[in-house]
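Below, each chain spelled out in residue letters.
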Amino acid sequence: MNENENTAGPVHTVPIMDGEAIRRALRRIAHEIIEQNADLKSVVLAGIPLRGVEIARRLAEFIAEVAKIDIETGTIDVAMHRDDIGTRAELPMVHASKLPLPLEARTIIIVDDVLFTGRTVRAALDAISSFGRPARIQLAALVDRGHRELPIRADYVGKNLPTANREQIQVHLQNVDNEPDAVWLLKE
Amino acid sequence: MNWNRKDLLGLRELSADEINFILQTADAFKQVGTREVKKVPALRGKTLINFFVEPSTRTRTSFELAAFRLSADVINISASTSSLTKGETLKDTARNLEALHADILVLRHSSAGAPQFLGQRLKSSVINAGDGAHEHPTQGLLDIYTIREKRGKIAGLNVVIVGDILFSRVARSNIFGLTKLGAKVTLVGPSTLVPREFEKLGVTVSHQIDSVLPEADVVNLLRIQHERQRKEYFPGIGEYTTLFGLTKERAKLLKPDCLVMHPGPINRGVEIDSEVADGLQSVILDQVTNGLAVRMAVLYLCGGIST
């Protein structure tokens, strides 16, 4: 989810992470996931389209490299579970969710690029529960920019970044955006 | 692209991108049917009115189930139970429905253009569920969705539509949608019901079914609406079956991977033999299943934007 659709013309951009910083952050998250989950085979990395899916794929690669285990990945689309339907003049594409079933003994790690209000994560929790009842659900985000509107916190964070509410975060990932990996803060 | 239309009136005014957008959205909603909980909260709190001035069971039920799966509340109104029988105009009936805060109006009407008339005047979303001999866009979309699902593409396919094209809204929606996506469409039927005029829409017209069947990738048989046929247009049921029915013998002309489609309800032994309707090439029941996903997508997109 790109959490940058709420304000008008930003005037300057501040680089926050480059490709190498993103790589290191994701590598560290991969290590933390290995530490926190004794039974890695039960873990599913479920990305939120579009960039969360790409981040989940990269995390799975790092985990395969370090722990020699191929863990499963999935997609969790939140569009049909959002609480702001009917308030936007345009609707983006809905993608099919894909999770390995049954979920009952699994640990689902929701993966997204930016954690902001927490409403996307709430929708993801709702979407997951329509597929079944996982043993545990955890949350990983590349950037946590604060301003939560719901009681939600991340288990794994690449970078904590204090922001003003009206600032925007822009994430570029090579395979999704066709731009070099980078995180920017857009200030007014 | 993003979706920004509140109404679905026909496929004629949609771009190829918009049609593909609906089909891809339907992919996501088809998957909802495989979940443990087959229901999503997308239209929770919204009210949908199924306003069917002409009788219909399958289209109305399909819209109703699609609305349930999206958590909308549904009211059904048919011609016989509405005040239209007391002389109320369509516009007044619709304004009353809107005064009840209906968010989505699904309209079937015998007059072409009725959904457009209401769509321009109401804040609610208006979905055309068939208007006269004009369009039946969700039927066209579910036919196209089914072809795309089974064959993996639309562009370049030979699609043959057989029957009463002149009075068929299903045929028109199929023609507009399929030609926009690059299919080659051939219309077949008696010259009274398939006039050469249709060639202006970018399709081929034929009156000889046996010569077009061997090349077909898809054969879509329209229902012969014998309750509506007038003698001067229609040769009679027996003669129609002899000349244009997809009989067991005629089906041998088809390529082995040709799809056989029918929007239902089928007249067994008239436009199609039972052996063909129930045969391996038939995707008639897939069309019904896909209709649900396509209608969920349309209700979600048109009913989900702010107006």
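What comes next is a walk through the structure. (Residues numbered from 1 in each chain as written. Chains lettered and ligands numbered in written order. Predicted model: local features only at pLDDT ≥ 70, side-chain atom pairs only at ≥ 80, totals over all residues. Heavy atoms only, no water.)

With respect to the overall build of chain B
Here's step 1: Helix and strand counts for chain B stand at 11 helices and nine strands.
Here's step 2: For chain B, the C-alpha radius of gyration of 19 Å lies close to 19 Å, the compact-globule estimate for 307 residues.
Here's step 3: Taking the principal axes of its C-alpha atoms as reference, chain B extends roughly 55 × 45 × 35 Å.
Here's step 4: The proportion of buried residues among the 307 residues of chain B is 57%.
Here's step 5: For chain B, the accessible area works out to roughly 12600 Å², and carbon and sulfur atoms hold 51% of it.
Here's step 6: Across chain B, the centroid of the 38 positively charged side chains sits 3 Å from that of the 33 negatively charged ones. (Helix = DSSP H or I, 4+ residues; strand = E, 2+ residues; numbered from the N terminus. Rg over C-alpha atoms; globule rule 2.2 N^0.38 Å. Buried < 20%, exposed > 50% of the residue type's maximum accessible area, 1.4 Å probe, protein only. Areas by Shrake-Rupley, 256 points an atom, 1.4 Å probe, with all protein chains shown as cover. Lys, Arg positive; Asp, Glu negative; His and termini not counted. Charge placed at Lys NZ, Arg CZ, Asp CG, Glu CD.)

Overview of the interface of chain B and chain A
Here's step 1: On the chain A side, the residues contacting the 24 residues of chain B number 23 residues.
Here's step 2: Interface area for chain B against chain A, summed over the two sides, is near 2000 Å², with a carbon-plus-sulfur share of 58%.
Here's step 3: Joining chain B to chain A, the criterion identifies zero salt bridges.
Here's step 4: Between chain B and chain A we count nine residue pairs in polar contact (both at pLDDT 80 or more) in total.
Here's step 5: Examining the composition of the side of chain B that touches chain A, we find that eight residues originate from one element, helix 1 (residues 16–32) of chain B, more than from any other.
Here's step 6: Residue classes in the side of chain B that touches chain A are distributed as 13 nonpolar, seven polar and four charged. (Contact = heavy atoms within 4.5 Å. Buried area = accessible area lost by both parts, 1.4 Å probe. Salt bridge = Lys/Arg side-chain N within 4 Å of Asp/Glu carboxyl O. Polar contact = N/O pair within 3.5 Å; in protein donor to acceptor, adjacent residues only side chain to side chain. Nonpolar A, V, L, I, M, F, W, Y, C, P; charged D, E, K, R; others polar.)

Focus on the pattern of salt bridges
Residue and element names in this part refer to chain A.
Here's step 1: By the definition in use, this model includes 33 salt bridges over all chains.
Here's step 2: For R58, the salt bridge is made with D181, and the minimal N-O distance between the two is 2.6 Å. In this pair, R58 is assigned in helix 2 (residues 51–67) and D181 in the loop between helix 4 (174–177) and strand 8 (182–187), connecting sequence segments 123 residues apart. Here the two residues R58 and D181 agree in accessibility, since each one is buried.
Here's step 3: Between R153 and D155 there is a salt bridge, with the nearest N and O atoms lying 3.3 Å from each other.
Here's step 4: What makes D155 partly exposed here is its relative accessible area of 34%.
Here's step 5: Through salt bridges that share partners, E54, R57, R58, E61 and D181 make up one connected network.

What to know about the packing of helix 5 (residues 137–151) of chain B against helix 11 (residues 284–304) of chain B
A pair of packed helices is captured by two measures, namely the crossing angle of their axes and the spacing between those axes.
Residue and element names in this part refer to chain B.
Here's step 1: Two elements in contact, helix 5 and helix 11, have axes whose closest approach is 8 Å; the angle formed by their N-to-C orientations is 115°. Helix-helix and strand crossings are classified by hand; for helix 5 and helix 11 the assignment is right-handed. Residue-level contacts link T138, Q139, L141, L142, D143, Y145, T146, E149 and K150 of helix 5 to D286, Q287, N290, G291, V294, R295 and V298 of helix 11.
Here's step 2: Class assignment for the residues of the contact of helix 5 with helix 11 results in five nonpolar, six polar and five charged. (Axes fitted to C-alpha atoms, helices over the stretch in contact; angles between N-to-C directions. Left-handed = near helix turned anticlockwise from the far one by under 90°.)

A word on the packing of aromatic side chains
Residue and element names in this part refer to chain B.
Here's step 1: This model, assessed by the stated rule, comprises three aromatic pairs over all chains.
Here's step 2: Between F29 and Y300 the ring centres are 5.2 Å apart and the planes differ by 55°, which places this aromatic pair in the tilted class. With F29 in helix 1 and Y300 in helix 11, this residue pair connects regions lying 271 residues apart in the sequence. When sorted by exposure, F29 lands in the same class as Y300, which is buried.
Here's step 3: Between Y240 and F244, the aromatic rings sit 5.6 Å apart at their centres with planes inclined by 40°, giving tilted as the arrangement. With a gap of four residues between them, Y240 and F244 both fall in helix 8 (residues 237–244), about one helical turn apart. (Phe/Tyr/Trp six-rings, centres within 6.5 Å; stacked < 30°, edge-to-face > 60°.)

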